[in-house]
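# Residue-level structural notes
Here is how the chains run, residue by residue.
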Amino acid sequence: MRTAADQQTISCMNQSLMLDLIKKEGRITRAGISHALRLSPPSVSSNIEKLLKKGVILEFEASSSSSGPGRRGTLIGINQHFSYTIGISLSGPDLRVVLGDACEEIVDYRQYESLEGCSGKAIIEYIFHAVEDILVQNHIEMSSVGTIVVCTPGVIDETIGRIEFAPQITGWEELNIISTLENRFHTQVILINDINAVALGELMQGVGRKSKSFVYINIDMGIGAGIVIDGNLIKGQNSAAGEVGYMLTSVEQLDSKPQFGHLESLISLRSIRSNISRKLGIEEEALDTARINTLYKEDNFVVLQEIEYISKLLAMTIVNITAVLNTPVVCLGGSISELHVDIDKHITHYIRDMVPYPPKICLSEMGNTGFIPGALHLGSKKTLEHVVNAPEL
């Protein structure tokens, strides 16, 4: 015999399934929900009424051709103004903030202060200002924000809300990001590694539209990876899965311990620029992405040699990852995708016949805004889970 607690648990599970389906379909009839989830019409109607009462969904009129059997002319859809998500990216030189609605649609996207050389405490103050500003600019109250998602470089302890190791930002490890923001804004906060957020973005709107299993490798000032298997982000026991910068490329490396990892010291935009500028005898500051692209088109030997070397290192990395994970796709992103050097073709050439099933190598479809769909998805999901599990009035 089911207890009241059992019935409440089942009801919450069914409501979660229904909300996932409604978000996926956009708008759908009660009969469509019943058919897709194999739930009885009375169960669907009961849970729909509960969700309508909570305000998370709305009823919409439909044409007769799309209404289907039962409650003709009525479709169920997410109330996009029910709650909002704020996504914050601390990757790159500038603080970037996105505001999204309950349907994961972008309401506004803004760039704020430069983060270069800033301490963790200074960045927290910038976040305070940016969150308040983007809400004011869009006439939205803080009480309407369901979740804030912070995407940051570094090794993160998501359970306590602290960044354990982030060499780009000083003083980060002294701050509890989650509790600091929750105390300021009185809403839920998610802390996630920035590469994992982009991997989720690729899953939602990029390479994930064709393959639900892939590895996203991000090469900027360092190198990191996000792992997606069967549509699920794999974070590992300590949320440190994908820290490929610590991979070894030779036995001799066991005798030394670089600060940020052996592979990261070899594969990064920083190392590419440093190696090329040193060999060409020019200032590193003068060697931007456009200059490297021009030199590559001119068949400059030094640039060709460096790209070949980086391609081989990446090929080794991808072969090792594929030997363990067997993902059909590896996606390359970050600043390296701004180099028009056919790096995907170079890697494809080297990994051929190296593993039983070589993955397809592709470049990111999301660019430097890849965190946006990932953050909005996480925030909306967290908010809706909170609503579903809230006590019924």
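Up top is the structure these notes are about.
Residues numbered from 1 in each chain as written. Predicted model: local features only at pLDDT ≥ 70, side-chain atom pairs only at ≥ 80, totals over all residues. Heavy atoms only, no water.

### Regarding the nonpolar core
Counting 35 residues, the largest nonpolar core has Ile217, Leu314, Leu332 and Ile347 as its most contacted members. Sorting the residues of this core by element identifies β11 (214-219), β12 (223-229), α9 (269-280), α10 (289-297), α11 (301-325), β14 (329-333) and α12 (343-351) as the ones contributing at least two each. The greatest single-element share of this core, amounting to 10 residues, is contributed by α11. Core analysis: the second largest hydrophobic core is formed by 32 residues, Val97, Leu115, Leu135 and Ile178 among them. (Core = buried A, V, L, I, M, F, W, Y, C linked by side-chain atoms within 4.5 Å. Buried < 20%, exposed > 50% of the residue type's maximum accessible area, 1.4 Å probe, protein only. Helix = DSSP H or I, 4+ residues; strand = E, 2+ residues; numbered from the N terminus.)

### Structural notes on the sheet that holds strand β13 (residues 232-234)
Spatial strand order, β13-β12-β11-β14-β15: 5 strands in an open sheet with mixed pairing. A strand with exactly one partner marks an edge of an open sheet, and here the two such strands are β13 and β15 (360-363). On average, each strand axis in the sheet is tilted by 25° relative to the strand beside it, whichever way the strands run. In the sheet, β14 pairs with β15 via 4 bridges, with the strands oriented parallel. Each bridged residue has a counterpart across the sheet, and for valine 330 the counterpart in β15 is isoleucine 361. (Pairing = 2+ DSSP bridges. Axes fitted to C-alpha atoms, helices over the stretch in contact; angles between N-to-C directions.)

### Looking at a nonpolar patch on the surface
Residues Leu248, Val251 and Leu254 make up a contiguous nonpolar surface patch of roughly 300 Å² in combined accessible area. On the accessibility criterion, leucine 248 (38% relative accessible area) is partly exposed. (Patch = residues over 30% accessible without salt bridge, like charges linked within 9 Å, V, L, I, M, F, W, Y side chains within 5 Å. Areas by Shrake-Rupley, 256 points an atom, 1.4 Å probe, with all protein chains shown as cover. Salt bridge = Lys/Arg side-chain N within 4 Å of Asp/Glu carboxyl O.)

### A look at the sheet that holds strand β1 (residues 27-28)
Read from one edge to the other, the open sheet built from 3 strands follows the order β1-β3-β2, with strand pairing classed as antiparallel. Looking at which strands have only one partner, the edges of the open sheet turn out to be β1 and β2 (57-61). With 5 bridges connecting them, β2 and strand β3 (residues 74-78) associate as antiparallel partners. Bridge pairing in β3 places isoleucine 57 opposite isoleucine 78. Of the strands in this sheet, β2 and β3 touch helix α3 (residues 41-54), which is tilted by about 105° from β2. (Contact = heavy atoms within 4.5 Å.)

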